[in-house]
Amino acid sequence: MPNNGWPLTLVSTALHFLVDGLCLCALMLLVPWTDASQVLGVLLTYNVMAFASQPLTGIMADKVRGLHWMLFAAGVLFALSVMAISLLLTLWAWPPAWCVWAVAFTLGCGNSLFHVWGGKLVVLRQGNDMRPIGVFVSSGALGLSVGIAFCSWPLLFTFLLAFCLLSAVAVRTDMVLGRCMAGSVHRHGLMLRPLWVCGALLALIIVVMFRSYVGECFSSGIVKTPRTMLLLIGAVAMAGKMAGGWLACRLGIVRSMTFVIVAAVACFFFRQSGVAVLLLGLLMINCTMPVTLYLANVVLKGREGLAFGLLAAALLPGYLLAVM
């Protein structure tokens, strides 16, 4: 199994932190100047484009030869969004509704492009290893917390500048890595009949929806003041996603997932017992993320973009069900 793809994985993980932090920081700056009756629609627009569009983005990623155009396109969309927010709040005390919706739409599209780019590339360069998959997906949770907790104009521009610089590093790193690994990319997969593929994917999607619902229940049950508690929630979710891959490699998928799911369900039923139980449950439920992504790649051999996009889209229904 390839193990020299870690430099790219770590750069992509840092980019994931920056992207999620940038998007939430931008929305937090924009929402106070948005009509109260439209805030929910603006946030829903962003989430639909950021998550529900990822299967389509994944199909597109699986059909193109080069992936870095997706990273470049995401960077352009983020830059346009930040500039648009700056202009909107400079020119108007109350920005036009269509402009606010357009910014949310653009941010969501950039988010979708980046996540599929990173998810597919890490899988290709690391041979569908659960450990780097977990590392890549982990940092977004902390980015969300930092973007909300320290929301400000300097932070927004810092996120954007850092994203642009690290994107160049990621492209260069992958170019070097691609030459070193020419012909050595491993694709783990099974030749399954279409009916089995559909059944397996449906099961994985249900698991991800369940994880999203339970995870949001744990998170929403914690009072996010002071600011350190918000950051702690992000750090615990990040630790769970990161640890899940190593735990599954160490104990095996069946044993590790049985343990974390039973622990998460127990914490869910006893979630009124205190913050410690909620944080433990959040840690446990997030351990399943790299395993579900690994299994989706096994089922959809050679369709890493679609596999990542389908499971990302499955997060949205569970989240909406928990917050409604």
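From a predicted model like this one, the values you see are computed outputs, not experimental measurements.

Explain a nonpolar patch on the surface here, please?
Among the surface-exposed residues, Phe 72, Val 76, Leu 80 and Met 83 lie close enough to one another that they form a single nonpolar patch of about 410 Å² accessible area. Looking at where Phe 72 falls in the secondary structure, it is placed in helix 4 (residues 68–91).

Got a minute to help me understand the layout of surface pockets in this structure?
If a probe as big as a water molecule is rolled over the atoms, it shows which places are left empty. In this structure, the largest pocket occupies an estimated 1,500 Å³ of space. In this structure, the largest pocket is lined by 49 residues; those nearest its centre are Asn 47, Phe 51, Leu 144, Glu 216 and Tyr 319. A per-element tally of the lining of the largest pocket places helix 13 (residues 304–323) first, with nine residues. For the lining of the largest pocket, the per-class residue count stands at 30 nonpolar, 14 polar and five charged.

So what exactly am I meant to see when it comes to the environment of Leu 160 here?
Mapped onto the secondary structure, Leu 160 falls in helix 7 (residues 153–180). Residue Leu 160 is classed as buried on the basis of its relative accessible area of 12%. For the pair Leu 160 and Val 116, spaced 44 residues apart in the sequence, the C-alpha separation amounts to 19 Å.

Which parts of the structure should I look at to understand unusual backbone geometry?
Of all residues except glycine, most have a negative phi; of all peptide bonds, most are trans. With a phi angle near 55 degrees, Asn 128 is a residue other than glycine that sits in the positive phi range. Along the chain, Asn 128 turns up in the loop between helix 5 (97–126) and helix 6 (130–149).

What exactly am I supposed to notice about the nonpolar core here?
The nonpolar side chains of a soluble globular protein tend to be buried, and buried together. Formed by 63 residues in total, the largest nonpolar core has its most connected members in Leu 15, Leu 22, Tyr 46, Phe 78, Leu 107, Phe 114 and Trp 117. Residue contacts for Leu 107: discarding those within four places in its chain leaves Leu 22, Cys 23, Ala 26, Leu 27, Tyr 46, Phe 78 and Ser 81. Within the second largest apolar cluster, 24 residues are counted, among which are Met 130, Val 236, Leu 278 and Met 284.

I tried to follow the packing of aromatic side chains on my own but got confused; where do I start?
Between two aromatic rings, the relevant description is the distance of the centres plus the angle of the planes. Applying the stated criterion across every chain yields a total of eleven aromatic pairs. Between Phe 17 and Phe 159, the ring centres sit 6.0 Å apart and the planes meet at 75 degrees, which makes this aromatic pair edge-to-face. Of this pair, Phe 17 sits in helix 1 (residues 6–30) while Phe 159 is found in helix 7, placing the two residues 142 residues apart along the sequence. Take Phe 17: its relative accessible area is 22%, and that puts it in the partly exposed class. Centroid distance Phe 136 to Phe 308: 6.4 Å. Interplanar angle 55 degrees. Geometry classified as tilted. Note that Phe 136 is positioned in helix 6 and Phe 308 in helix 13, a separation of 172 residues in sequence. Like Phe 136, the residue Phe 308 is buried in the burial classification. An aromatic cluster of at least three residues, connected via ring pairs, comprises Phe 78, Phe 114, Trp 117, Phe 136, Phe 163 and Phe 308.

Just checking my understanding: could you explain the side chain of Lys 120 for this structure?
Among the structural elements, Lys 120 can be located in helix 5. What makes Lys 120 buried here is its relative accessible area of 6%. Beyond its immediate chain neighbours, meaning those up to four positions away, Lys 120 contacts Ala 61, Asp 62, Leu 67, Glu 304 and Gly 305.

Quick question: what am I supposed to make of empty space enclosed by the protein here?
Evaluation of the coordinates by the stated rule reveals two cavities of 30 Å³ or more. In terms of lining, the largest cavity is formed by Gly 119, Val 122, Val 123, Ile 133, Phe 136, Val 137, Leu 293, Asn 297, Glu 304, Ala 307 and Phe 308. Only helix 5, helix 6, helix 12 (289–299) and helix 13 provide two or more residues apiece to the lining of the largest cavity.

Criteria and thresholds
Residues numbered from 1 in each chain as written. Predicted model: local features only at pLDDT ≥ 70, side-chain atom pairs only at ≥ 80, totals over all residues. Heavy atoms only, no water. Patch = residues over 30% accessible without salt bridge, like charges linked within 9 Å, V, L, I, M, F, W, Y side chains within 5 Å. Areas by Shrake-Rupley, 256 points an atom, 1.4 Å probe, with all protein chains shown as cover. Salt bridge = Lys/Arg side-chain N within 4 Å of Asp/Glu carboxyl O. Helix = DSSP H or I, 4+ residues; strand = E, 2+ residues; numbered from the N terminus. 1 Å grid on protein atoms, 1.4 Å probe; cavity = no way out; pocket = protein on both sides within 12 Å on 5 of 7 lines; lining within 4 Å. Points joined across faces, edges and corners; volume = space filled by probe spheres on them. Nonpolar A, V, L, I, M, F, W, Y, C, P; charged D, E, K, R; others polar. Buried < 20%, exposed > 50% of the residue type's maximum accessible area, 1.4 Å probe, protein only. Core = buried A, V, L, I, M, F, W, Y, C linked by side-chain atoms within 4.5 Å. Contact = heavy atoms within 4.5 Å. Phe/Tyr/Trp six-rings, centres within 6.5 Å; stacked < 30°, edge-to-face > 60°.

Keep in mind these numbers describe shape, not what the thing actually does.
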